[in-house]
Amino acid sequence: MIKKNAAYSSKKPVRDDFLIFGSPQIMDDEIEEVVKTLRSCWIGTGPKVGKFEEDFRKYIGSKYALAVNSCTAGLHLVLLAAGIKNGDEVITTPMTFCATANVIIHSGGKPVFADIEKGSLNIDPFEIEKKITEKTKVILPVHYTGRPCNMDSILKIAKKYSLKVISDCAHAIEAEYHGKKVGSIGDMSVFSFYVTKNLVTGEGGMITLSDPQYADDIRILTLHGMSKDAWKRYSDEEYKHYFVVAPGYKYNMTDMQASLGIHQLKRIESNWKRRLEIWYRYNQAFKTLPVMIPAEFEENTRHALHLYTLILDIDKLQTDRDGVLNALYKENIGTGVHFIAVHLHPYYKEKFGYKKEDFPISSYISDRTISLPFSAKLSDRDVEDVIISVKRVLEYYSR
Ligand SMILES: *Cc1c(COP(=O)(O)O)cnc(C)c1O
């Protein structure tokens, strides 16, 4: 078949203005809160971070919630708290953002990938068990796109081999598994509030957990390794010295970020409902195209609806995934790719010698996945523009 990759041109784009992928919804409530914080001059870590942690903890139903300045920072800290050090192995999915694997290396460990399931696109418990060695310490599932992983099987394997379970919940704030928020399952969970996520604070993250020792250790590592009381050292009570008990990091969240988070969290459920409407609209519109729409929701779970991804049937198209991406750009529709599988990036290929066929399902998805605009901010008109554009582009390349 002739590939007509670069041939696409649109006489008149579906939209006049470009629809940015993952543009966040920012409302007056959080804008006013940020201004109030600025006027208070308490712009570092202070009372608003405390309130945001408490609100988030209640929402997830965990014992502790510790705010940090990114999910990446949070994942680094929880791996250190779990005791990961030189040569320890952490099993995770290749179908994730690079940060999930990078932090394993930051902590001194070795990322070991296990391939994904074809339907859910989440890490496959059978593949996890195959990858366990004497050096394995942690299983690090990612609830990809917001779809909960098969936690019963993962917890069972963890118990059998005495492993810790740390969830990358960057996509999964609202996700539930068998009646519980996924962020309250396993040993520790880490969330992202990066600009494209379901809750945004510019940059930011949160760790949820139930073990008081881990909570203490992480709190200390978050701010230079200063002993616990150092957090209160700028209060008006009295001067307090700080004492460094570990060579910690600078991973604290600020009140500026928390000011956004507090109000974003209040809208988390109404935004989820709006995305559910868009989800069903997309599914209905795309089910007859040469694509795979997302799998049905698993029973007794709740999908967090972070990403809406199509898997292109490129054998039926006269172009590849990037051809479709570029054509959609010409229609003024921004898209994303989640993800180029981690084992296919140059560092991972060279350092660990990974090849495409080592993780066949992840490699397959990596070549075909495309994420469509899916923010609660989208108007009905925006949603229809996306649908018209996707249909126009796929019909063009189907000829
Ligand atoms: C966004 C993302 C991260 C990183 O989040 P930051 O807050 O930007 O550090 C980690 N894992 C996954 C799966 C992500 O999508």
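Residues numbered from 1 in each chain as written. Predicted model: local features only at pLDDT ≥ 70, side-chain atom pairs only at ≥ 80, totals over all residues. Heavy atoms only, no water.

**Examining the side chain of Thr 136**
- Relative to the helices and strands, Thr 136 resides in strand β4 (residues 136–140).
- A polar contact is formed between the side chain of Thr 136 and the backbone nitrogen of Thr 133, at a distance of 2.8 Å.
- Not counting residues within four places of it along the chain, the set of residues in contact with Thr 136 comprises Glu 89, Ile 91, Lys 131 and Leu 163. (Helix = DSSP H or I, 4+ residues; strand = E, 2+ residues; numbered from the N terminus. Polar contact = N/O pair within 3.5 Å; in protein donor to acceptor, adjacent residues only side chain to side chain. Contact = heavy atoms within 4.5 Å.)

**Notes on the site of the ligand**
- For the ligand, the set of nearby residues contains 15 residues, the closest of which are Thr 72, Asp 168, His 171, Ser 192 and Lys 197.
- The contact in question runs from an oxygen atom of the ligand to an N or O atom on the side chain of Lys 197, over 3.2 Å.
- Considered on its own, the ligand offers 390 Å² of accessible surface; in the complex 93% of this is hidden by protein.
- For the shell around the ligand, the class distribution of residues is 6 nonpolar, 7 polar and 2 charged. (Near = heavy atom within 4 Å. Areas by Shrake-Rupley, 256 points an atom, 1.4 Å probe, with all protein chains shown as cover. Nonpolar A, V, L, I, M, F, W, Y, C, P; charged D, E, K, R; others polar.)

**So, the nonpolar core**
- Membership of the largest hydrophobic core comes to 38 residues, with the highest contact counts inside it found for Phe 52, Phe 56 and Phe 193.
- At the level of elements, α2 (47–60), β1 (64–68), α6 (151–160) and α8 (255–266) are the ones that each hand at least two residues to this core.
- With 5 residues, the top contributor of residues to this core is α2.
- The next biggest cluster of nonpolar side chains, apart from the first, holds 33 residues, and it includes Ala 285, Leu 312, Leu 317 and Tyr 397. (Core = buried A, V, L, I, M, F, W, Y, C linked by side-chain atoms within 4.5 Å. Buried < 20%, exposed > 50% of the residue type's maximum accessible area, 1.4 Å probe, protein only.)

**Here we look at the pairing of strand β5 (residues 164–168)**
- Across the 5 residues that make up β5, a large majority, 4, are buried.
- Bridging between β4 and β5 involves 2 bridges; their strand directions are parallel. Bridge pairing links Ile 139 to Val 165 in β5.
- This β-α-β element, β4 to α6 to β5, shows right-handed connectivity.
- Of the strand pairs in this sheet, β5 and strand β8 (residues 188–192) are connected by 3 bridges, and their pairing is parallel. Bridging from a neighbouring strand, Asp 168 pairs with Val 190 of β8. (Pairing = 2+ DSSP bridges. Right-handed = clockwise from strand over helix to strand, strands pointing away.)

**Quick look at the sheet that holds strand β11 (residues 301–302)**
- Here we have 3 strands laid out as an open sheet, ordered β7-β6-β11, and antiparallel in their pairing. Both outer strands of the open sheet, β7 (180–181) and β11, are each paired with one neighbouring strand and no more.
- Bridge count for strand β6 (residues 176–177) against β7 is 2 bridges, and the pairing is antiparallel. Within the sheet, the bridge partner assigned to Glu 176 lies in β7 and is Lys 181.

**Looking at a nonpolar patch on the surface**
- A cluster of nonpolar residues, Phe 18, Ile 20 and Tyr 329, forms a patch on the protein surface that exposes about 300 Å² of accessible area.
- Here Ile 20 shows up in the segment before α1 (28–40).
- Given the relative accessible area of 54%, Ile 20 is considered exposed. (Patch = residues over 30% accessible without salt bridge, like charges linked within 9 Å, V, L, I, M, F, W, Y side chains within 5 Å. Salt bridge = Lys/Arg side-chain N within 4 Å of Asp/Glu carboxyl O.)

**Examining the domain arrangement of the protein chain**
- Considered domain by domain, the protein chain is made up of domain 1 (28–266) and domain 2 (268–397).
- For domain 1 versus domain 2, the separation of C-alpha centres amounts to 26 Å.
- On the domain 2 side, the residues contacting the 43 residues of domain 1 number 39 residues.
- Contact between domain 1 and domain 2 buries roughly 3,300 Å² in total, counting both sides, with carbon and sulfur atoms accounting for 61%.
- Our count for the domain 1 to domain 2 interface comes out at 3 salt bridges.
- If you look at where domain 1 meets domain 2, you find 22 residue pairs in polar contact (both at pLDDT 80 or more). (Domains from an automatic or database assignment. Buried area = accessible area lost by both parts, 1.4 Å probe.)

**Quick notes on α1**
- The end-to-end C-alpha separation of α1 is 18 Å, in line with the 18 Å expected for 13 residues at 1.5 Å each.
- Within α1, the full set of buried residues consists of Glu 30, Glu 33, Val 34 and Thr 37. Projection of α1 onto a plane perpendicular to its axis shows the buried side chains occupying an angular sector of 100°, all on one side. Across from the buried face of α1, at angles greater than 90 degrees, the exposed residues are Asp 28, Lys 36 and Arg 39. (Expected span 1.5 Å × (residues − 1). Arc of directions from axis to C-beta.)

**Here's the deal with the sheet that holds strand β2 (residues 89–92)**
- Here we have 7 strands laid out as an open sheet, ordered β1-β9-β8-β5-β4-β2-β3, and mixed in their pairing. Because the sheet does not close on itself, it has two edges, and the strands there are β1 and β3 (110–113). Averaged over all adjacent pairs, the angle separating strand axes in this sheet is 25°, with direction ignored.
- Bridge count for β1 against strand β9 (residues 205–209) is 5 bridges, and the pairing is antiparallel. Within β9, the position partnered with Leu 66 by the bridge is Ile 207.
- This element, α2, spans β1, β8 and β9 of the sheet and lies at about 135° to β1.
- Packing of helix α4 (residues 98–106) onto the sheet brings it into contact with β2, β3, β4 and β5, and relative to β3 it is tilted by some 145°. (Axes fitted to C-alpha atoms, helices over the stretch in contact; angles between N-to-C directions.)

**A word on the pattern of salt bridges**
- Under the counting rule described, the total for this entry stands at 26 salt bridges.
- Salt-bridge contacts for Arg 302 lead to Glu 269; the nearest nitrogen and oxygen are separated by 2.6 Å. Here Arg 302, found in strand β11, pairs with Glu 269, found in helix α9 (residues 268–286); they are 33 residues apart in sequence, far enough to count as distant.
- Residue Arg 302 is classed as buried on the basis of its relative accessible area of 13%.
- A residue is classified by how much of its surface remains accessible, and Glu 269, at 26% relative accessible area, is partly exposed.
- Of the charged contacts in the structure, one is a salt bridge between Arg 274 and Asp 380, with a shortest N-O distance of 3.0 Å.

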